[in-house]
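Residue strings, one per chain:
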Amino acid sequence: RLEMSNFEQNTAGLSGGGAYFENVSTTSPFLFKNLTFQNNITLDTADDESGGGAGLFIGPECQLLVSDCLLTENTAHRGGGLIIKDSEVELRELSIDANSSIGGNGAGAFVLNSTANVVNCTFTSNEASTNLASGGGMYAYSSGVTLLMCNFQQNTSDAYGGGIAMSDSTLDASLSTFSDNHSAFSGGAFATIPSQDPLGENSSVWLLDVDITGNTA
């Protein structure tokens, strides 16, 4: 267990400015609770799968429950708030706010080859900027994402999906809100992006009782 700790103003050359975890798995999910990740930075600018996640980098091969945490004002090439890679993660009651990705995707969160169950979380004022960056609140690639009672508000991207952008992924959202998000090209609230992999699959989106208001593109 990891509880009641602060990770602030840390810098990493590659990934996990605040914290980096891989191969963390037990018979029951390992618990992170009441943590703050603030003003952390990663310096890597390459588009490989190992860099980014300024606040928190999870994976590969992790099974985690992350609860009651704040990720704010973190900056990375991609995954400003956090990256989830090759893992199974449940996020509960997180505030993912005011994080930045500069030149890459997923300012709030980047989910890669993973399963993410996201419950009662807020993604607010995250910004994916420059170089056609997508997914202000979240970017998902080759992943399955479930949202329950989540709020995406005032997130922005320089390309697609102010709230969420996804490729080769599934999104199942219920009792959630997308409001006042903005993207420069398409999909103010969310966008599906065609796969770059010839063997990849199209994304699918399922919505139940979701409010989508005031988003622009």
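Right above here is the structure, for reference.
Residues numbered from 1 in each chain as written. Predicted model: local features only at pLDDT ≥ 70, side-chain atom pairs only at ≥ 80, totals over all residues. Heavy atoms only, no water.

### So, the nonpolar core
For clarity, the cut-off: To define a nonpolar core, start from buried Ala, Val, Leu, Ile, Met, Phe, Trp, Tyr and Cys residues and group those joined through side-chain atoms within 4.5 Å. Burial classes follow relative accessibility: with a 1.4 Å probe on protein chains only, a residue under 20% of its type's maximum area counts as buried, one over 50% as exposed, and anything between as partly exposed. The contact definition used throughout considers only heavy atoms, calling two residues in contact when any of these lie within 4.5 Å.
Membership of the largest hydrophobic core comes to 38 residues, with the highest contact counts inside it found for Val66, Val118, Met138 and Leu147. The residues touching valine 118, leaving out its near neighbours within four places in the chain, are Leu91, Phe123, Met138, Val145, Thr146, Leu147, Leu148 and Cys150. By size, the runner-up hydrophobic cluster in this structure holds seven residues, among which are Phe57, Phe110, Tyr139 and Ala165.

### So, the environment of isoleucine 212
Spelled out, the test is: The way it works is that DSSP assigns letters per residue, a run of H or I at least four long becomes a helix, a run of E at least two long becomes a strand, and they are numbered from the N terminus.
Tracing the backbone shows isoleucine 212 in strand E28 (residues 211-213). Since its relative accessible area comes to 41%, isoleucine 212 is described here as partly exposed. Separated by 36 residues in sequence, isoleucine 212 and serine 176 place their C-alpha atoms 8.7 Å apart.

### Topic: the side chain of serine 143
Filter applied, for reference: For the purposes of these results, a polar contact is taken to be a pair of N or O atoms within 3.5 Å, where, inside protein, one atom must be able to donate a hydrogen and its partner to accept one; residues adjacent in sequence count only when each atom of the pair is a side-chain atom.
Of note, serine 143 is situated in the loop between strand E18 (138-141) and strand E19 (144-148). Owing to a relative accessible area of 6%, serine 143 belongs among the buried residues under this scheme. Of note is the side chain of serine 143, whose polar atom sits 3.0 Å from the backbone nitrogen of serine 114. Each residue touching serine 143, except ones within four places of it in the same chain, is listed here: Val111, Leu112, Asn113, Ser114, Asp168, Ser169 and Thr170.

### Quick notes on the environment of arginine 78
Relative to the helices and strands, arginine 78 resides in the loop between strand E9 (75-76) and strand E10 (82-85). Spatially, the C-alpha atoms of arginine 78 and aspartate 172 are 23 Å apart, while their sequence positions differ by 94 residues.

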